[in-house]
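Each chain, written out:
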Amino acid sequence: MADAPTIDIARLPHPAPVPGATRQQAIADPGFGKLFTDHMLTIEWSEDRGWHDAQLGPRQPIPLDPAASVLHYAQEIFEGLKAYRLADGSMALFRPDRNAARFNDSARRLAMPELPETAFVEACRALALADKDWFPPVDGGSLYLRPFMFATEAFLGVRPAKQYKFVVIASPAGNYFKSGAPAVSIWVAADHTRAAPGGTGAAKCGGNYAASLVPQADAIARGHDQVVFLDAAERRWIEELGGMNLFFVFADGTVITPPLTGTILPGITRDSLLLLAEEEGLTVREERYSLDQWRDDAESGRLIETFACGTAAVVTPVGRVAGLDGEFTIGSGGPGQTTQRLRERLVAIQRGAAPDLHGWVMRLD
């Protein structure tokens with residue numbers, strides 16, 4: 001993709017960045033989401049001034065009035081994307097324009113101001129470059145970027161706020177899953193749903209994830225890695241995991257993923273894999289797929305692979321599915337050939353090891 005136009009960002013000096021030796025020790029085993037870089041980027045919005053005061057400065061606590069609207073009415077949205085190290089040592093973002101567009105889709109659903117897409121992309125670029133020394137030297141490592149926006153106006157009336165803050169922070173990241181298993185195990189949520197038609201399922205807002213925490217904790221307590229949600233109306237159709245989209249691979253070369261009907265997050269990894277799967281000669285369909293079909297097709301051998309995908313976990317094989325009415329294994333219970341092939345193709349593009357035929361990669365330096 002083309003380089004993003006710049007925005008006017010004030011650079012504030014950092015009085016005490018993490019010493020180099022301390023930083024290197026920390027990023028040697030960063031895990032996921034526990035370690036943060038030196039800087040953050042902020043932009044303010046108000047009804048009378050619009051977007052203003054873009055600043056790149058030290059990462060620090062954010063002062064917030066106890067009556068801030070976000071604390072009472074949950075006007076908050078976020079995104080997740082990664083900065084990758086390319087084969088030549090430079091860094092790049094993968095399809096940040098799609099994150100910017102989805103961010104604004106979420107903003108509209110939650111009655112929040114839209115941020116110009118060029119400003120979103122440049123904010124991510126500026127922070128990634130400022131903290132490029134935090135890139136972890138581990139296999140599959142990346143610099144995970146978390147842009148988010150929330151309502152800051154101190155007001156207790158039920159209406160859209162008139163003041164907001166946009167922030168980007170960064171976290172050195174290793175592998176998302178720590179189980180070490182070749183494929184993850186999934187628990188089917190029986191008593192909880194993630195989203196309902198007409199709700200906020202297609203928006204990337206914190207409330208959707210908060211609603212997933214109880215069933216996710218139940219899945220982990222039962223020895224599984226993730227929870228899968230069924231539709232809210234019939235409790236029959238597969239929707240998505242707590243934070244990832246699902247794909248189903250069949251022996252006849254067909255690949256199915258649940259359609260975007262307003263209750264599923266439109267994943268950027270999902271969108272990329274749809275195109276890559278077609279380029280692999282697979283027959284790709286977006287259609288509803290039920291839990292009963294999943295079980296029957298796995299047991300008959302018609303279904304040979306299932307994988308989850310998302311920015312954090314990339315492409316992750318699903319080996320076992322369990323619920324209150326029993327469990328079943330998919331294929332051999334480990335990674336399948338199609339899953340591995342699609343993951344390798346995607347990662348190669350993201351890291352500059354394969355031609356970027358679709359203009360998905362934006363170099364940072």
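One structure accompanies this document, and this report is about it. (Residues numbered from 1 in each chain as written. Predicted model: local features only at pLDDT ≥ 70, side-chain atom pairs only at ≥ 80, totals over all residues. Heavy atoms only, no water.)

1. Structural notes on the pattern of salt bridges
Pairs can form between side chains of opposite charge once their charged atoms are near each other. Applying the stated criterion across every chain, the model contains 22 salt bridges. Between Arg236 and Glu234 there is a salt bridge, with the nearest N and O atoms lying 3.9 Å from each other. You can call Arg236 partly exposed: its relative accessible area is 40%. Where Asp297 meets Arg302, a salt bridge forms, and the shortest distance between an N and an O atom there is 3.1 Å. Three or more residues joined by partner-sharing salt bridges are found here, namely Glu279, Glu280, Arg341 and Arg345. (Salt bridge = Lys/Arg side-chain N within 4 Å of Asp/Glu carboxyl O. Buried < 20%, exposed > 50% of the residue type's maximum accessible area, 1.4 Å probe, protein only.)

2. Examining the packing of helix 7 (residues 268-279) against helix 9 (residues 337-350)
For the pair helix 7 and helix 9, the least separation of the axes is 10 Å and the interaxial angle reads 115 degrees. Classed by the angle they form, the pair helix 7 and helix 9 counts as roughly perpendicular. Between helix 7 and helix 9 the crossing geometry is right-handed. On the side of helix 7, the interface is formed by Thr269, Ser272, Leu273, Leu276, Ala277 and Glu279, while helix 9 contributes Leu342, Arg345, Leu346 and Ile349. Counted by class, the contact of helix 7 with helix 9 contains six nonpolar, two polar and two charged residues. (Axes fitted to C-alpha atoms, helices over the stretch in contact; angles between N-to-C directions. Helix = DSSP H or I, 4+ residues; strand = E, 2+ residues; numbered from the N terminus. Parallel < 35°, antiparallel > 145°, perpendicular 65-115°, else oblique. Left-handed = near helix turned anticlockwise from the far one by under 90°. Contact = heavy atoms within 4.5 Å. Nonpolar A, V, L, I, M, F, W, Y, C, P; charged D, E, K, R; others polar.)

3. Description of the packing of aromatic side chains
The final tally for this structure, using the stated rule, is 13 aromatic pairs. Ring geometry for Phe247 against Phe307: centres 4.9 Å apart, planes inclined by 5 degrees, an arrangement best described as stacked. Taken as a pair, Phe247 in strand 12 (residues 245-250) and Phe307 in strand 15 (residues 303-310) lie far apart in primary sequence, 60 residues in all. For Phe247, a relative accessible area of 1% translates into the label buried. Owing to a relative accessible area of 0%, Phe307 belongs among the buried residues under this scheme. (Phe/Tyr/Trp six-rings, centres within 6.5 Å; stacked < 30°, edge-to-face > 60°.)

4. Points about helix 4 (residues 117-130)
An α-helical segment advances 3.6 residues per turn. Residues three or four places apart therefore align on the same side. Taking 1.5 Å of rise per residue, the 14 residues of helix 4 would be expected to cover 20 Å, and the 20 Å separating its terminal C-alpha atoms lies within 8% of that figure. Burial within helix 4 is extensive, with ten of its 14 residues counted as buried. Among the residues of helix 4, those classed as buried are Ala119, Phe120, Val121, Glu122, Ala123, Cys124, Arg125, Ala126, Leu127 and Ala128. (Expected span 1.5 Å × (residues − 1).)

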